[in-house]
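# Fold and geometry: a report
Read off the chains here:
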Amino acid sequence: MKYPVTVYGDPLLRKTAKNIDKDFEGLNEIIENMWETMYTSDGVGLAAPQIGKSIRIFIVDASSGADEEPELADFKKVFINPEIIETYGDEWIMNEGCLSLPEIREDVSRPDNVRIKYFDENFVEHEETFKGYAGRIVQHEYDHLEGKLFIDYLSPLKKRLLKGKLTNIARGKVQPHYRIKAPVK
């Protein structure tokens, strides 16, 4: 089942998501549906708050970027109850987009590396470091669990310039190629 993507303006996107346990009802189905939703929406990551669920899960699949970064070939993972241990390295700027902010792309600066502890879909605990594009995706999706969006990293001037677009998103006056759930009609 493909979920509609919750978009900017919905208060759920600004809440800190809650940890879950391995017996969380419907967990496997939620994860399966998140994959389907992400692929249909042409995303490389998707967090549970983006499908209207305030739980600490995000998924990533950046294998499509393996041509440019070969280490991304097998970068397909489920992150449950993740906790960033540290971010470090040089800050670098990359143009980011987000399924919850359709039609908006902006340059965002993030550290090159992220060390994160998480559980996979089988509730096996991992601690890994991701760098480059993989690290950026992990940081972006993790932000969703903390109630942050990539626009929060922009200057006040940039945010003012985007105000009209953000208002249109919140009112559902955008038509991406995937289904959305806007907070106001």
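Residues numbered from 1 in each chain as written. Predicted model: local features only at pLDDT ≥ 70, side-chain atom pairs only at ≥ 80, totals over all residues. Heavy atoms only, no water.

### Re helix α1 (residues 27–40)
An α-helix turns once every 3.6 residues. As a result, residues three or four positions apart point the same way. With 14 residues, α1 extends 20 Å between its outermost C-alpha atoms, agreeing within 8% with the 20 Å of an ideal straight helix rising 1.5 Å per residue. For α1, every residue scored as buried is listed here: Leu27, Ile30, Ile31, Asn33, Met34, Trp35, Thr37 and Met38. For α1, the secondary structure elements touched by its buried residues are β1 (5–6), β2 (45–47), β3 (57–61) and β4 (76–97). (Helix = DSSP H or I, 4+ residues; strand = E, 2+ residues; numbered from the N terminus. Expected span 1.5 Å × (residues − 1). Buried < 20%, exposed > 50% of the residue type's maximum accessible area, 1.4 Å probe, protein only. Contact = heavy atoms within 4.5 Å.)

### Side note on unusual backbone geometry
Leaving glycine aside, a negative phi is the common case for residues, and trans is the common case for peptide bonds. Backbone geometry at asparagine 81 places phi at a positive 50°, although glycine is not the residue there. With phi around 60°, phenylalanine 123 is a residue other than glycine that occupies positive phi space. Tracing the chain through its elements places phenylalanine 123 in the loop between β5 (105–119) and β6 (125–131).

### Observations concerning the nonpolar core
The biggest cluster of nonpolar side chains holds 20 residues, and the ones touching the most others in it are Met34, Ile57 and Ile80. Taken together, the elements giving at least two residues each to this core come down to α1, β3 and β4. Of all the elements, α1 adds the most residues to this core, at six residues. If sequence neighbours within four positions are ignored, methionine 34 has contacts with Tyr3, Leu46, Ala47, Ala48, Ile51, Ile57, Phe58 and Ile59. (Core = buried A, V, L, I, M, F, W, Y, C linked by side-chain atoms within 4.5 Å.)

### Side note on the pattern of salt bridges
In this structure the tally under the stated criterion is ten salt bridges. When the shortest N-O distance is used, the salt bridge between aspartate 152 and arginine 14 registers 2.6 Å. Placement of the pair is aspartate 152 in the loop between α2 (132–145) and α3 (156–170) and arginine 14 in the loop between β1 and α1, with a sequence separation of 138 residues. Given a relative accessible area of 27%, aspartate 152 falls into the partly exposed group. Residue arginine 56 is joined to glutamate 146 by a salt bridge in which the shortest nitrogen-to-oxygen separation is 2.7 Å. Highlighted residues: arginine 56 in the loop between β2 and β3 and glutamate 146 in the loop between α2 and α3, separated in sequence by 90 residues. When its relative accessible area of 32% is taken as the criterion, glutamate 146 is described as partly exposed. Several salt bridges share partner residues, and in doing so they unite Glu96, Arg110, Arg136 and Asp143 into one network. (Salt bridge = Lys/Arg side-chain N within 4 Å of Asp/Glu carboxyl O.)

### Focus on the packing of aromatic side chains
Under the defined criterion, the tally for this structure stands at six aromatic pairs. Seen from their ring centres, tryptophan 35 and tyrosine 39 are 5.8 Å apart, and the 15° between their planes marks the pair as stacked. With tryptophan 35 and tyrosine 39 both in helix α1, this residue pair falls four residues apart, about one helical turn. For the ring pair phenylalanine 75 and phenylalanine 130, a centre distance of 5.3 Å and an interplane angle of 55° mean the geometry is tilted. Residue phenylalanine 75 is located in the loop between β3 and β4, and its partner phenylalanine 130 is located in strand β6; the two are separated by 55 residues in the primary sequence. (Phe/Tyr/Trp six-rings, centres within 6.5 Å; stacked < 30°, edge-to-face > 60°.)

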